[in-house]
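Summary of structural features
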Amino acid sequence: MTISHRRHILRRQLAAAELDAILVTDLVNVRYLSGFTGSNAALLIPIDQDNDGDTFVLATDGRYRTQAAQQAPDAQIVIERACAPQLVRAAEAAGVKRLGFESHVMTVDAHAALQRVSGDIELVRAPGMVESLREVKDAGEIAILRLACEAADAALKDLIESGGLRAGRTEKEVGRELEARMLDHGADGPSFETIVATGANSAIPHHRPTDAVLAAGDFVKIDFGALVEGYHSDMTRTFVLAPVAQWQRDIYDLVATSQRAGREALVPGTTLSAVDRASRQVITDAGYGEQFSHGLGHGVGLQIHEAPGINSAAAGTLLAGSVVTVEPGVYLPGRGGVRIEDTLVVGSDTTHTPELLTRFPKELAIL
């Protein structure tokens, strides 16, 4: 799917919502619909196209004049620091009567600024309209996501094979080395701050690396990802530094079984809450339901966390072509915890098997 085709699909949504145009102010959505990656921008996408085809307006400031022309060559470019108000003025001049705006990301003050220049335009809430398009990835997006996952896989493989995960190193040292190795394998950077959690810290789901020293007998949980061309990967693996105790084997096997059940539930049309339940029930039945304290997964793409959310309260169903994580965990305060996470592409209606993008082995590794 080309970027212009994304705008075409969006226009169909505008028609269904009886909107004349939409004002896009979320920078991730601006990138998705135009290709522009600057830090100040907005888009005006009208429902009607002129005789030249796909007409839309990109507003940004003077710092990005050249970049905007290069990244969004098919846009009408307006140079104005106050991007959104300027596009509302342009919409009024073009005869727009009902203008959708991204109410889920706009502040009250920003909305007030639009109202001051809106004239006869009716500003209509249009939350999540672009995000609903982003939920299903096209072939080009999936190709980039594969590269992001491959960079993360290769970096972790290098770390393990070089002996970089060993007793005596600190969480921070391991995290920094892993991030450097992702760069070596083509990443533009990490998807987020790498989580390295050793010993009792591994029982903290989103622990931030410290100077804690890895020690024999510790669980070491590593949650990380690579960023490639704006797209993120996400993976968690948990290791044990020898010697391993039986309780560690038992918890690890339980989470692995739960994670396998979650992956197998990734069938298009399945309710999101049912996917969560398929994985969570395994842990609940083993008596550790209270120790699985977060949702099963989330969408991954231009943001590390995006639609769909996969949890017990999630509404909606799983869509073919979505890219999601499956990441159950069991966390025992004061002792340690295990999380196993993969990024996967939900299969088609005819090919139900999801495509596994993060391929680093999941068998318990005792280092």
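Look a little higher up for the structure.
The structure presented is a predicted model; accordingly, all values stated were derived computationally and were not measured.

Let's shift gears to the environment of Leu296. Along the chain, Leu296 turns up in the loop between α10 (272-285) and β13 (297-299). Overall, the relative accessible area of 0% leaves Leu296 in the buried class. With sequence-adjacent residues up to four places away left out, Leu296 is seen in contact with Gly262, Val275, Asp276, Ser279, Arg280, Ile310, Asn311, Thr325, Val326, Glu327 and Pro328.

Attention now moves to helix α4 (residues 83-93). Turning to α4, its buried residues number three or more, namely Cys83, Ala84, Pro85, Leu87, Val88 and Ala91. Tucked into the core, α4 has its buried residues touching β1 (21-24), β2 (41-46), β3 (57-60), β5 (98-101) and α5 (108-117). Immediately downstream of α4, the backbone of Gly95 shows phi near 90°, a positive value.

Viewed as axis vectors pointing N to C, helix α9 (residues 246-264) and α10 meet at an angle of 160°, and their least axial separation amounts to 8 Å. It follows from the interaxial angle that α9 and α10 lie roughly antiparallel. Our pair here, α9 against α10, has a crossing hand that is right-handed. Taken together, the residues of α10 that come into contact with α9 (itself represented by Leu254, Thr257, Ser258, Gln259, Ala261 and Gly262) are Val275, Ala278, Ser279, Arg280, Val282 and Ile283. Tallied by class, the residues present in the contact of α9 with α10 amount to 6 nonpolar, 5 polar and 1 charged.

What follows covers the environment of Leu114. Along the chain, Leu114 falls in helix α5. In contact with Leu114, not counting residues within four places along its chain, are Leu23, Ala84, Pro85, Val88, Met106 and Leu123.

The alternating pattern of β3 places Val57 and Ala59 and Leu58 and Thr60 on opposite faces, both of which are buried. In terms of strand pairing, β2 meets β3 through 4 bridges, oriented antiparallel. Across the sheet, the residue bridging to Ala41 is Thr60, located in β3. Looking at chain direction, β3 and strand β4 (residues 76-79) are connected through 4 bridges and run parallel. Of the residues in β4, the one forming a bridge with Leu58 is Ile77. Crossover handedness for the path β3 to helix α3 (residues 65-71) to β4: right-handed.

Judged by nonpolar contacts, the single largest core of 38 residues is most densely connected at Leu10, Ile22, Leu33, Leu43 and Leu58. Elements supplying a minimum of two residues to this core: α1 (3-16), β1, α2 (27-34), β2, α6 (129-134) and α7 (139-161). Sort the elements by how many residues they give to this core and α7 lands first, with 5 residues. The residue makeup of this core includes at least three contributed by each of domain 1 (3-133) and domain 2 (136-356).

Scoring rules and cut-offs
- Residues numbered from 1 in each chain as written.
- Predicted model: local features only at pLDDT ≥ 70, side-chain atom pairs only at ≥ 80, totals over all residues.
- Heavy atoms only, no water.
- Helix = DSSP H or I, 4+ residues; strand = E, 2+ residues; numbered from the N terminus.
- Buried < 20%, exposed > 50% of the residue type's maximum accessible area, 1.4 Å probe, protein only.
- Contact = heavy atoms within 4.5 Å.
- Axes fitted to C-alpha atoms, helices over the stretch in contact; angles between N-to-C directions.
- Parallel < 35°, antiparallel > 145°, perpendicular 65-115°, else oblique.
- Left-handed = near helix turned anticlockwise from the far one by under 90°.
- Nonpolar A, V, L, I, M, F, W, Y, C, P; charged D, E, K, R; others polar.
- Pairing = 2+ DSSP bridges.
- Right-handed = clockwise from strand over helix to strand, strands pointing away.
- Core = buried A, V, L, I, M, F, W, Y, C linked by side-chain atoms within 4.5 Å.
- Domains from an automatic or database assignment.

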